Amino acid sequence: MKRLIFSFVVFCLLFIYNYYSEKYVLDYCTKLESTLEKCAADLREKKYSSAKETADELMDSWEKNDIILSVFIGDESVVEPQKSIISIYHSIDDENYDYGLLAIRECQGYIHEIKENTQTNPANVL
């Protein structure tokens, strides 16, 4: 009976961990997507100083959260978005705005892939 109770407690802890880690990753990815879209809109409207501020905010946010994301979704899933965010930051800093837009779209694709792979659904479970 003790083993059954212990198994149930472990199952509950794993379920809670899965729920909160999934919620954290999905909320952060949604926030990241909106920041990327704001940066792209600023670049299209030629508001370069605002785009620079948004890129700084994006880089700071990523640096604060990349370790926890690595824990929740794995290191290999974080590498490509990190490269894209660094490219966005430096291309806007170097005033290479066309490449910045391209890097933003690439990063949005990586973020969308992370969201799809993180959501609990039958396809991801199997």
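Notes on the structure follow.

Cut-off values and rules
- Residues numbered from 1 in each chain as written.
- Predicted model: local features only at pLDDT ≥ 70, side-chain atom pairs only at ≥ 80, totals over all residues.
- Heavy atoms only, no water.
- Axes fitted to C-alpha atoms, helices over the stretch in contact; angles between N-to-C directions.
- Helix = DSSP H or I, 4+ residues; strand = E, 2+ residues; numbered from the N terminus.
- Parallel < 35°, antiparallel > 145°, perpendicular 65-115°, else oblique.
- Left-handed = near helix turned anticlockwise from the far one by under 90°.
- Nonpolar A, V, L, I, M, F, W, Y, C, P; charged D, E, K, R; others polar.
- Buried < 20%, exposed > 50% of the residue type's maximum accessible area, 1.4 Å probe, protein only.
- Patch = residues over 30% accessible without salt bridge, like charges linked within 9 Å, V, L, I, M, F, W, Y side chains within 5 Å.
- Areas by Shrake-Rupley, 256 points an atom, 1.4 Å probe, with all protein chains shown as cover.
- Salt bridge = Lys/Arg side-chain N within 4 Å of Asp/Glu carboxyl O.
- Disulfide = S-S within 2.5 Å.
- Phe/Tyr/Trp six-rings, centres within 6.5 Å; stacked < 30°, edge-to-face > 60°.

**Some details on the packing of helix α1 (residues 2-44) against helix α2 (residues 48-73)**
Contact geometry of α1 with α2 gives a least axis separation of 10 Å together with a crossing angle of 160°. When the axis of α1 is compared with that of α2, the two are roughly antiparallel. Once α1 is placed against α2, the crossing between them reads as left-handed. Considered class by class, the residues forming the contact of α1 with α2 number 18 nonpolar, six polar and four charged.

**With respect to unusual backbone geometry**
The phi dihedral of K46 falls on the positive side, at around 60°, and the residue is not glycine. With respect to the secondary-structure elements, K46 resides in the loop between α1 and α2. Its identity as a non-glycine residue notwithstanding, E95 has a phi of 60°, on the positive side. Here E95 shows up in the loop between α3 (75-93) and α4 (97-118). Classification of E95 by relative accessible area gives exposed; the value is 58%.

**Here we look at a nonpolar patch on the surface**
A cluster of nonpolar side chains, namely F8, F11, F15, I16, Y19 and Y20, defines an oily patch on the protein surface of about 730 Å² accessible area. Relative to the assigned elements, F8 resides in helix α1. Accessibility expressed as a relative area gives 55% for F8, which makes it exposed.

**Thoughts on the state of the cysteines**
Across all of its chains, the model carries zero disulfides by this definition. Left unpaired, C107 is separated from the closest cysteine sulfur, that of C29, by 9.4 Å.

**A short note on the pattern of salt bridges**
Across all of its chains, the model carries nine salt bridges by this definition. K115 serves as the salt-bridge partner of E33, at 3.2 Å between the closest nitrogen and oxygen. Placement of E33 in helix α1 and of K115 in helix α4 is noted, with a sequence separation of 82 residues between them. Between E37 and R105 there is a salt bridge whose closest N-O contact spans 3.1 Å. Taken together, the positions of E37 in helix α1 and R105 in helix α4 put the pair 68 residues apart, joining distant regions of the chain. Here E37 falls in the partly exposed class, since its relative accessible area comes to 33%. Classification of R105 by relative accessible area gives partly exposed; the value is 36%.

**Observations regarding the packing of aromatic side chains**
Tallied over the full model, the rule gives five aromatic pairs. Between the aromatic rings of Y17 and F72, the centroid separation amounts to 5.9 Å while the plane-to-plane angle is 65°, which identifies the pairing as edge-to-face. Placement of the pair is Y17 in helix α1 and F72 in helix α2, with a sequence separation of 55 residues. The class of F72 is partly exposed, set by a relative accessible area of 26%. Summarising the aromatic geometry, the rings of Y28 and W62 are spaced 6.4 Å apart at their centres and angled 35° between planes, so their arrangement reads as tilted. Of the two residues, Y28 sits in helix α1 while W62 sits in helix α2, which places them 34 residues apart along the sequence. The exposure class of Y28 is buried, given its relative accessible area of 6%. For W62, a relative accessible area of 3% gives the class buried.

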